[in-house]
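The residues making up each chain are set out below.
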Amino acid sequence: MVNFAVIGLGNPGLNYRNTRHNLGFWMLDAIAEENKLQFKENKNYHVHYTIMAHGDKKILLVKPTTFMNDSGNYLSSLLSYFSCSAKDVILVHDELTLSFGDLKISNNRGSGGHNGVESVISHIGNTFTRFRIGIGAKPFPHMKLSEFVLSKLSQSERILIETHKDRFIKAFFSIFDNGLSATMNFINQTQRSQQPQ
């Protein structure tokens, strides 16, 4: 039994590493590394997973090994196995509607056109919390959306996202320590104060 399940979205395999669509995997890897955790594979549920203790809470970290568009396929049975409710799920994913490196936390929302989020909603509903990491809009109107989200981060973008890592991790743990509403308010206020006047 776990208190929360955190699901990072991405595509499996080295080809997709450091792509925009894999920021969910990147975030979970960063959390696992900071807490000296190793992911294990579970072939029955098609995931890599680890369990983290945080205070009195047990938190399941999950990276689906299905491809992005099928991210939700095995989540219902996985959550059932770990006795975790869908409302205690946090989904970490890239977000086109946010500027690169911005963060927004929301819940009870639609997919916003994100195929991975849509897959998760279709299997476990939309009561979960979304931890959305901005990748910005595609640079050219004629560029295919799939081409953009599957493109690699530039070196400057990789440096920039690394500089935001501590802020993301702090916000992530704030959800468990301070609650969802307080964390959402904190994130919104912080980002407003950081915007150029």
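Before reading on, note that the structure itself is shown above.
Residues numbered from 1 in each chain as written. Predicted model: local features only at pLDDT ≥ 70, side-chain atom pairs only at ≥ 80, totals over all residues. Heavy atoms only, no water.

Sorry, what's going on with the environment of Gly 24 here?
Mapping Gly 24 onto the fold places it in helix H1 (residues 23-34). Look at Gly 24 and you get buried, because its relative accessible area is 0%. For the pair Gly 24 and Lys 87, spaced 63 residues apart in the sequence, the C-alpha separation amounts to 19 Å. When sequence neighbours within four positions are dropped, the list of residues in contact with Gly 24 reads Gly 8, Leu 9, Val 92 and His 93. (Helix = DSSP H or I, 4+ residues; strand = E, 2+ residues; numbered from the N terminus. Buried < 20%, exposed > 50% of the residue type's maximum accessible area, 1.4 Å probe, protein only. Contact = heavy atoms within 4.5 Å.)

Even after reading the chapter, I still don't get the pairing of strand S4 (residues 57-64), so can you show me in this structure?
Within a regular beta strand, the side chains point alternately toward one face of the sheet and then the other, so they alternate between its two faces. In terms of residue burial, S4 counts as a mostly covered element, since six of its eight residues are buried. Relative to S4, strand S1 (residues 4-8) runs parallel, the two sharing four bridges. Considered in S4, the bridge of Ile 7 is made with Val 62. Of the pairings in the sheet, the one linking strand S3 (residues 47-54) to S4 comprises eight bridges and is antiparallel in character. Paired with Val 47 across the two strands is Pro 64, which belongs to S4. Where S3 hands over to S4, the hairpin turn is made up of two residues, of which Gly 55 adopts a positive phi near 60°. (Pairing = 2+ DSSP bridges.)

Explanation requested: the packing of H1 against helix H5 (residues 155-178) in the structure shown.
The angle between the axes and the distance between the axes are what describe a pair of packed helices. At a closest axis distance of 10 Å, the pairing of H1 and H5 adopts a crossing angle of 75°. Viewed along their axes, H1 and H5 adopt a mutual orientation that is roughly perpendicular. Counting all contacts with H1, which are made through Leu 23, Trp 26, Met 27, Ala 30, Ile 31 and Glu 34, the residues of H5 involved are Ile 161, Glu 162, Lys 165, Phe 168, Ile 169, Phe 172 and Phe 173. Looking at the contact of H1 with H5, its residues break down into 10 nonpolar, no polar and three charged. (Axes fitted to C-alpha atoms, helices over the stretch in contact; angles between N-to-C directions. Parallel < 35°, antiparallel > 145°, perpendicular 65-115°, else oblique. Nonpolar A, V, L, I, M, F, W, Y, C, P; charged D, E, K, R; others polar.)

Help me out: how do you make sense of the nonpolar core in this one?
What tends to happen in soluble globular proteins is that the nonpolar side chains get buried as a cluster. By size, the foremost hydrophobic cluster in this structure holds 34 residues, and its most contacted members are Val 6, Met 27, Leu 61, Phe 131, Ile 133 and Phe 172. Among the secondary structure elements, those contributing two or more residues to this core are S1, H1, S4, strand S5 (89-95), strand S6 (103-107), strand S7 (129-134), helix H4 (145-149) and H5. Considering each element in turn, this core owes the most residues, eight residues, to H5. Residue contacts for Ile 133: discarding those within four places in its chain leaves Leu 23, Trp 26, Met 27, Val 92, His 93, Asp 94, Glu 95, Asp 102, Leu 103, Ile 161 and Phe 168. Core analysis: the next-biggest nonpolar cluster, separate from the first, contains 23 residues, Ala 5, Leu 9, Val 47 and Leu 78 among them. (Core = buried A, V, L, I, M, F, W, Y, C linked by side-chain atoms within 4.5 Å.)

Help me understand the packing of aromatic side chains in this model?
Each pair of aromatic rings is reported with the distance of its centres and the angle of its planes. Tallied over the entire structure, the rule returns 10 aromatic pairs. For the ring pair Tyr 45 and Tyr 81, a centre distance of 5.7 Å and an interplane angle of 40° mean the geometry is tilted. Taken as a pair, Tyr 45 in the loop between strand S2 (40-42) and S3 and Tyr 81 in helix H2 (residues 75-81) lie far apart in primary sequence, 36 residues in all. Assessed through its relative accessible area of 17%, Tyr 45 is described here as buried. What makes Tyr 81 exposed here is its relative accessible area of 54%. An angle of 55° between the planes, with centres 6.0 Å apart, marks the rings of Tyr 49 and Phe 82 as tilted. Within this pair, whereas Tyr 49 is found in strand S3, its partner Phe 82 is found in the loop between H2 and S5, the two being separated by 33 residues in sequence. Counting every residue linked through ring pairs, the aromatic cluster contains Phe 4, Phe 131, Phe 172, Phe 173 and Phe 176. (Phe/Tyr/Trp six-rings, centres within 6.5 Å; stacked < 30°, edge-to-face > 60°.)

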